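Residue strings, one per chain:
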Amino acid sequence: MSTMTQTTVQVYMMFIKASPEEIWDAITKPEFTSRYFHGSLVDSTFEAGTPYRSWSPDRSTLWVEGDVLDSDPPRRLSHTWRSLYNEETAGEEASRVTWEIEPQDGGFSKLVVVHDQLEGAPKTAESVSGAGWMMVLSGLKTLLETGEPLGS
Amino acid sequence: MNDDPVFKALADPTRRQLLDRLFERDGRSLTELESDLAMTRFGVMKHLRVLEDAGLVVTRRSGREKLHYLNPVPIRLIHDRWIDKYTERRVSALADLKHELEETA
């Protein structure tokens, strides 16, 4: 198997049987993120210009730090991202994560997550690619569709 | 969601080749993708369309260009639904066998 070359833009798209409002809540409320996002607790008012933070499950350590760039509930959220969860990535430049939610027919919504501006964050790019975002997003989908976290 | 479009999209060597090329380097234009395929531009477009309809490729505009990105999510979901299930049983059968052999040893 060949290794994936560094990419500075990563795109993930999935259909979830949930409303845009439910997906928005799952992204922006710590009681949801704790159940699919490595146990982390998101912490932000989700207004442009305010901080975006994600804490370890016991709130002792900041795992992700950034700023909200753009917010249009429940359709679009964009924020910067610095991975403080490990030493190698903590010193890297900020990248950007954008969530786009579009309602579809039949009670589904389309969720597109774009992690880009990774030019100054190659270790972060490596850490979130492959199983990284995929585990988080399939956990999000499973939680919204079944009410249970992935693997329970 | 329905798995059929994903399986259909994967059941073609040119489309699998396009996915491999995006895996090597993501975010390519049609011109780049058609450059080393022995196929007309229209043929490549048709294949990309099938991949896009299956959710395996997502396009984004970047200035005047339309760039194609590999979306790994549908393959992951098929893996979870169709592959994990069968490989897990085999692994657990081996684990049972080991357990049994160790018990009787």
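This is a predicted model, so every value here is computed, not measured. (Residues numbered from 1 in each chain as written. Chains lettered and ligands numbered in written order. Predicted model: local features only at pLDDT ≥ 70, side-chain atom pairs only at ≥ 80, totals over all residues.)

Could you give an account of the overall build of chain A, naming the residues involved and the relevant values?
Assigned secondary structure in chain A consists of five helices and seven strands. Secondary structure elements of chain A, listed N to C terminal, follow the sequence β-α-α-β-β-β-β-α-β-β-α-α. The C-alpha atoms of chain A give 15 Å as radius of gyration, which agrees with the globular expectation for 152 residues (15 Å, within 12%). Once the C-alpha set of chain A is aligned to its principal axes, its extents read approximately 40 × 40 × 30 Å. (Helix = DSSP H or I, 4+ residues; strand = E, 2+ residues; numbered from the N terminus. Rg over C-alpha atoms; globule rule 2.2 N^0.38 Å.)

Provide a residue-level description of the interface of chain B and chain A, including the pertinent values.
Counting residues at the interface gives 16 residues for chain B and 14 residues for chain A. Elements with a minimum of two residues in the side of chain B that touches chain A: α2 (13-24), β1 (57-62) and α5 (73-104) of chain B. Residues belonging to the side of chain B that touches chain A are distributed by class as follows: seven nonpolar, three polar and six charged. (Contact = placed C-beta atoms within 7 Å. Nonpolar A, V, L, I, M, F, W, Y, C, P; charged D, E, K, R; others polar.)

Quick one: what's the story with the pairing of strand β1 (residues 10-16) of chain A, residue by residue and with numbers?
Residues and elements named next belong to chain A. With six of seven residues buried, β1 lies mostly within the body of the structure. Pairing geometry for β1 and strand β7 (residues 109-116), over seven bridges, is antiparallel. Paired with Tyr12 across the bridge in β7 is Val113. (Buried ≥ 20, exposed ≤ 12 C-beta atoms within 10 Å, placed from the backbone. Pairing = 2+ DSSP bridges.)

Give a detailed account of unusual backbone geometry, specifying residues and quantitative values.
Residue and element names in this part refer to chain A. Cis geometry marks the peptide bond from Pro73 to Pro74, where omega comes out at -5°. Of note, Pro74 is situated in the loop between β4 (62-72) and β5 (76-83). Of note, Arg59 is a non-glycine position whose phi angle comes to about 60°, a positive value. Along the chain, Arg59 turns up in the loop between β3 (51-55) and β4. With a phi close to 55°, Gln117 is a non-glycine residue in the positive phi region. Looking at the element boundaries, Gln117 is found in the loop between β7 and α4 (122-128).

Account for the domain arrangement of chain B, with residues named and values stated.
Residue and element names in this part refer to chain B. Under the domain assignment, chain B is made up of domain 1 (1-71) and domain 2 (72-105). Summarising the inter-unit geometry, the C-alpha centres of domain 1 and domain 2 are found 32 Å apart. Across the boundary between the two partners, domain 1 contributes seven residues, which contact four residues of domain 2. Classifying every residue of the side of domain 1 that touches domain 2 by side-chain character gives four nonpolar, two polar and one charged. (Domains from an automatic or database assignment.)

Tell me about the pairing of strand β6 (residues 95-103) of chain A, and name the residues and values.
All names here are of chain A. One ladder, built from six bridges, connects β5 with β6; its direction is antiparallel. Looking across to β6, one finds that Thr80 is bridged to Arg96. Alignment of β6 against β7, held across eight bridges, turns out to be antiparallel. Its bridge partner being in β7, Glu100 is matched across the sheet by Val112. What sits between β6 and β7 in their antiparallel hairpin is a turn of five residues, with Gly106 showing a positive phi close to 75°.

Run through the packing of helix α1 (residues 20-28) of chain A against helix α5 (residues 131-146) of chain A, naming residues and quoting values.
All names here are of chain A. The contact between α1 and α5 brings their axes to 11 Å, and the two run at 125°. When the axes of α1 and α5 are compared, the pair comes out oblique. Where α1 crosses over α5, the two elements pack in a sense that is right-handed. Facing Glu22, Ile23 and Ala26 of α1, the residues of α5 in contact are Leu140, Leu143 and Leu144. Each residue belonging to the contact of α1 with α5 can be placed in one class, and the counts come to five nonpolar, no polar and one charged. (Axes fitted to C-alpha atoms, helices over the stretch in contact; angles between N-to-C directions. Parallel < 35°, antiparallel > 145°, perpendicular 65-115°, else oblique. Left-handed = near helix turned anticlockwise from the far one by under 90°.)

How would you sum up the sheet that holds β1 of chain A? Please name residues and give values.
All names here are of chain A. A sheet is described by the order of its strands in space; here seven strands give the open sequence β1-β7-β6-β5-β4-β3-β2, paired in antiparallel fashion. On the outer flanks of this sheet lie β1 and β2 (41-43), each paired with one strand and no other. Neighbour-to-neighbour, the strand axes of the sheet open up by a mean angle of 20°, direction not taken into account. As paired elements, β2 and β3 share three bridges and run antiparallel to each other. In the strand pairing of β3, Asp43 is matched with Arg53. Across the sheet, α1 is in contact with β1, β2, β5, β6 and β7; its angle to β6 comes to roughly 155°. Against the sheet, α5 makes contact with β1 and β7, and its axis sits at roughly 15° relative to β1, the strand it touches most.

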